[in-house]
Amino acid sequence: MKNKEIIRQMNNEHSKVYDVVLELPFYHQHLNKILNELTPKESGIYLDAGCGTGNLINKARCNGYTFIGVDLSDEMLKKAKEKGIENLVKADITHLPFRNDYFDGITNVNVLYQLKEPKKFLDEANRVLKTGRKIVISTPDKKASLENFAPEFIKSLIKNPKIFLRMREIIDYYKINKDIIKENPGFYPKDKLEEMVKESGFDINKIEKVYAGQNWLVVAKKPREEKEQGLEDKVN
Ligand SMILES: C[S@@+](CC[C@H](N)C(=O)[O-])C[C@H]1O[C@@H](n2cnc3c(N)ncnc32)[C@H](O)[C@@H]1O
């Protein structure tokens, strides 16, 4: 079976328990941080590449922002649809079905590590993003490990003891994620991640640790072309 089909099937399985993460305050903090970094506008159209069950889009639409969600897994998309989310597209984010310079911003949260060819996604993201606009990526660091979430998890249990009732789902969540990581172990150190993002044509604004210190958050921009920038300088 092809790698992409294996990843798709694993994510279909993951979708059955994925939303147990909604019980964890640090998952919400992570998505809020991504949206704050993106600074979307009500007039824009944004892409959440690898939207899963639509949790980031759900937060964004409460604030009046328009997102298109793309995911490989039909079952993940079904869960997103059940939340009332529209504008969902089943597609591979390494071959995005959108025209050049279409989006006002892109988010990509906990997806890059699942890609056999992350560079292909970054090239595609650069193609479909308008110049001067941002991409916000969050992906595990080379040394990240699911076990390192334990302190945050314990804090979550203290705040919300009803998580105990969902322990079976949490264990399945971690088991399936471990299998996905085994299939495509795309955990990158900071310098490799920076190199890939820059090679795809982005300028990096910020790179810092987030998500209980396990992920790199990369905020990057598609630079304006020199001619365009010169014109803008004259206007200003
Ligand atoms: C760990 S989940 C993250 C979901 C969501 N971004 C979130 O933060 O809750 C990873 C998602 O990436 C999707 N994915 C993996 N490879 C993909 C690909 N090549 N194209 C589109 N989606 C992909 C999976 O189906 C899954 O829904």
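Since we're looking at a predicted model, the values are computed, not measured.

Reading the values: the criteria
Residues numbered from 1 in each chain as written. Predicted model: local features only at pLDDT ≥ 70, side-chain atom pairs only at ≥ 80, totals over all residues. Heavy atoms only, no water. Axes fitted to C-alpha atoms, helices over the stretch in contact; angles between N-to-C directions. Helix = DSSP H or I, 4+ residues; strand = E, 2+ residues; numbered from the N terminus. Parallel < 35°, antiparallel > 145°, perpendicular 65-115°, else oblique. Left-handed = near helix turned anticlockwise from the far one by under 90°. Contact = heavy atoms within 4.5 Å. Nonpolar A, V, L, I, M, F, W, Y, C, P; charged D, E, K, R; others polar. Expected span 1.5 Å × (residues − 1). Buried < 20%, exposed > 50% of the residue type's maximum accessible area, 1.4 Å probe, protein only. Disulfide = S-S within 2.5 Å. Near = heavy atom within 4 Å. Polar contact = N/O pair within 3.5 Å; in protein donor to acceptor, adjacent residues only side chain to side chain. Areas by Shrake-Rupley, 256 points an atom, 1.4 Å probe, with all protein chains shown as cover. Pairing = 2+ DSSP bridges.

Chemist: It is not clear to me how the packing of helix 5 (residues 118-128) against helix 8 (residues 190-199) should be interpreted in this structure. Could you clarify?
Modeler: Helix-helix packing: each pair is described by the crossing angle between the helix axes and the interaxial distance. Close contact between helix 5 and helix 8 brings their axes to 9 Å; oriented N to C, the two are set at 40°. In terms of their interaxial angle, helix 5 and helix 8 are classed as oblique. Like other packed secondary-structure pairs, helix 5 and helix 8 cross with a definite hand, here right-handed. Where helix 5 approaches helix 8, its residues P118, K119 and L122 are matched on the opposing element by M196, V197 and E199. Taken together, the residues that form the contact of helix 5 with helix 8 break down as four nonpolar, no polar and two charged.

Chemist: What is the right way to look at helix 2 (residues 25-38) in this model?
Modeler: Within an α-helix, residues lying three or four positions from one another point in the same direction, as the helix has 3.6 residues per turn. The terminal C-alpha atoms of helix 2 lie 20 Å apart, and with 14 residues this matches the ideal 20 Å at 1.5 Å per residue to within 8%. Those residues of helix 2 lying buried are F26, Y27, H30, L31, I34, L35, E37 and L38.

Chemist: What is the right way to look at unusual backbone geometry in this model?
Modeler: Excluding glycine, a negative phi dihedral is what most residues carry, and trans is how most peptide bonds are arranged. A positive phi angle, close to 45°, is found at T39, a residue other than glycine. By the element assignment, T39 lies in the loop between helix 2 and strand 1 (45-49). Positioned with a positive phi, A212 is a non-glycine residue whose angle comes to about 55°. Since its relative accessible area comes to 34%, A212 is described here as partly exposed.

Chemist: Just checking my understanding: could you explain the state of the cysteines for this structure?
Modeler: Per the stated rule, a full pass over the model turns up zero disulfides. Lacking any disulfide linkage, C62 is separated from the closest cysteine sulfur, that of C51, by 16 Å. Among the residues examined, C62 registers a relative accessible area of 65% and is labelled exposed.

Chemist: Would you explain the site of the ligand in this entry?
Modeler: Around the ligand there are 20 residues in total, and Y18, Y27, G50, D71 and D92 lie nearest to it. One of the backbone nitrogen or oxygen atoms of G50 is found 2.8 Å away from a nitrogen atom of the ligand. Within the backbone of V109, an N or O atom sits 2.9 Å from a nitrogen atom of the ligand. With the chains in place, 98% of the 600 Å² that the ligand exposes on its own is no longer accessible. Of the residues contributing to the shell around the ligand, the split by class is 12 nonpolar, six polar and two charged.

Chemist: Mind showing me how you'd approach the sheet that holds strand 5 (residues 129-140) here?
Modeler: Two orientations exist for strands paired in a sheet by backbone hydrogen bonds: parallel and antiparallel. The seven strands are arranged 3-2-1-4-5-7-6 in an open sheet whose pairing can be described as mixed. Only two strands of the sheet have a single neighbouring strand rather than two, namely strand 3 (88-90) and strand 6 (203-210). For this sheet the average axis-to-axis angle between neighbouring strands, irrespective of direction, equals 15°. With seven bridges connecting them, strand 5 and strand 7 (residues 215-221) associate as antiparallel partners. Paired with P140 across the bridge in strand 7 is N215.

Purely spatial values, then, with no claim about function.
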